[in-house]
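Chain by chain, the residues run as shown.
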Amino acid sequence: MRPASMVPAGIRGPAAILAACVLLAAGPAAAWRQAHTTPQQPGDPTYPLHVASTCVRYSIHRDCSADVTFEECLAAIDGGVRAWTDADCSYIRFEPTPPASCCRVGYVHDGPNANCIMWREAEWPDDPTYPPDAVALTTLTYDRADGRILDSDVEFNGAAFTFAADGRAGVYDIRSTMAHEAGHMIGLDESEVREATMWPFTFPGETHKRDLHADDIEAVCTIYPSARDPNACRGPIGGLDLVCRPPDDGCGCRSAPARGPAGAAAALALA
């Protein structure tokens, strides 16, 4: 998600916003989008990204944000993900696990994994997959064979932006930002509706993404309708993996493992 004040001309200007409004006024067509797998070769099939479980378990790094206390950060993160669990027509749920002592972005096929939420306070990576104006970024690892999400990690850009948990003006709201990133964690791409939680831009003091828009509710209830609840909660249970494996790069002890299937996996980053 990017700051609205840094939108390049021609990308999300008045014409784009007007078009979205006209689209909504013209009929019931949805403006939300589901992310899809990226084909390896031209002509390869693509699959919608999705969570093959009733719940999404997540671990918050124990340092959380340098701008607020851990308790404030924890409450704001939990409030952000809870926006999606409050949709009565959907079965998807987010489940917190014990805080993580270490977070590493990506999926380890034969090792421990966690859906981790973390802050990058020292620096934001100088990498093409990390937009420099991103307030936060979600990296999804999925199974190329069916689009099943294997791992989702959220990074907040604390190096460039200041955050708060109380919605005050002048800084970025953790809960509102997390609600947007949680949508990515369950496979949603950006929405064309400016008022939606999944609209890709934000600004200091914005809090309206804390509550789902009708477009967001339609998205989560279409992809995860209550009538198709698998009644199975899979994924990491949190806590620490007490078996420390060398070399110890700071992540020798990791959050508890989630074993994925054999086969090729790919990653997708969504801001």
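Everything below is about the structure shown above.
All of the points below concern the structure found in this document.

Conventions we followed
- Residues numbered from 1 in each chain as written.
- Predicted model: local features only at pLDDT ≥ 70, side-chain atom pairs only at ≥ 80, totals over all residues.
- Heavy atoms only, no water.
- Buried < 20%, exposed > 50% of the residue type's maximum accessible area, 1.4 Å probe, protein only.
- Helix = DSSP H or I, 4+ residues; strand = E, 2+ residues; numbered from the N terminus.
- Core = buried A, V, L, I, M, F, W, Y, C linked by side-chain atoms within 4.5 Å.
- Salt bridge = Lys/Arg side-chain N within 4 Å of Asp/Glu carboxyl O.
- Pairing = 2+ DSSP bridges.
- Expected span 1.5 Å × (residues − 1).

The next point concerns unusual backbone geometry. Within the chain, Cys64 stands out as a residue other than glycine whose phi angle is a positive 45 degrees. Taking the relative accessible area as the measure of exposure, Cys64 reaches 4% and is therefore buried. Residue Asn231 is not a glycine yet carries a positive backbone phi of 50 degrees. One can find Asn231 in the loop between α4 (214-223) and β10 (265-270). Residue Asn231 is classed as exposed on the basis of its relative accessible area, which comes to 66%.

Moving on to the nonpolar core. Counting residues in hydrophobic clusters, the biggest one holds 46 residues, and the most contacted among them are Ile77, Trp84, Phe94, Phe156, Ile174, Met178 and Ile186. Broken down by element, the residue count for this core peaks at six residues, all from helix α2 (residues 70-85). Residues Trp124, Ala134, Leu137 and Ala271 belong to the second largest nonpolar core, which totals five residues.

In this structure the tally under the stated criterion is eight salt bridges. Put simply, Arg33 and Asp189 hold a salt bridge, and the shortest N to O gap is 3.9 Å. With Arg33 in the loop between α1 (14-26) and β2 (55-60) and Asp189 in the loop between α3 (174-185) and β9 (201-202), this pair connects stretches of sequence that are 156 residues apart. Of the residues examined, Arg33 reaches a relative accessible area of 38% and is grouped as partly exposed. Classification of Asp189 as buried rests on a relative accessible area of 19%. Linking Glu155 and Arg120 is a salt bridge whose minimum nitrogen-to-oxygen distance equals 2.3 Å. Of this pair, Glu155 sits in strand β6 (residues 149-156) while Arg120 sits in the loop between β4 (116-119) and β5 (136-143), and the two are 35 residues apart along the sequence.

What follows covers the pairing of β6. The element β6 is largely enclosed, with a buried count of eight among its eight residues. Pairing geometry for β4 and β6, over three bridges, is parallel. Along β6, the bridge assignment pairs Met118 with Glu155. Bridge analysis of β5 against β6 gives seven bridges, and the strand direction is antiparallel. Bridge pairing links Thr139 to Asp153 in β6. Connecting β5 to the antiparallel partner β6 that follows it, the hairpin turn spans five residues, and Gly147 within it adopts a positive phi of roughly 85 degrees.

In this model, α3 (12 residues) spans 16 Å end to end at C-alpha, consistent with the 16 Å of a helix rising 1.5 Å per residue. Here α3 lies mainly inside the structure; 11 of its 12 residues are buried. Looking only at α3, the buried set comprises Ile174, Ser176, Thr177, Met178, Ala179, His180, Glu181, Ala182, Gly183, His184 and Met185. Gly187 sits one or two positions beyond α3 and adopts a positive phi of about 100 degrees.

Function-wise, these values are silent; they only describe arrangement.
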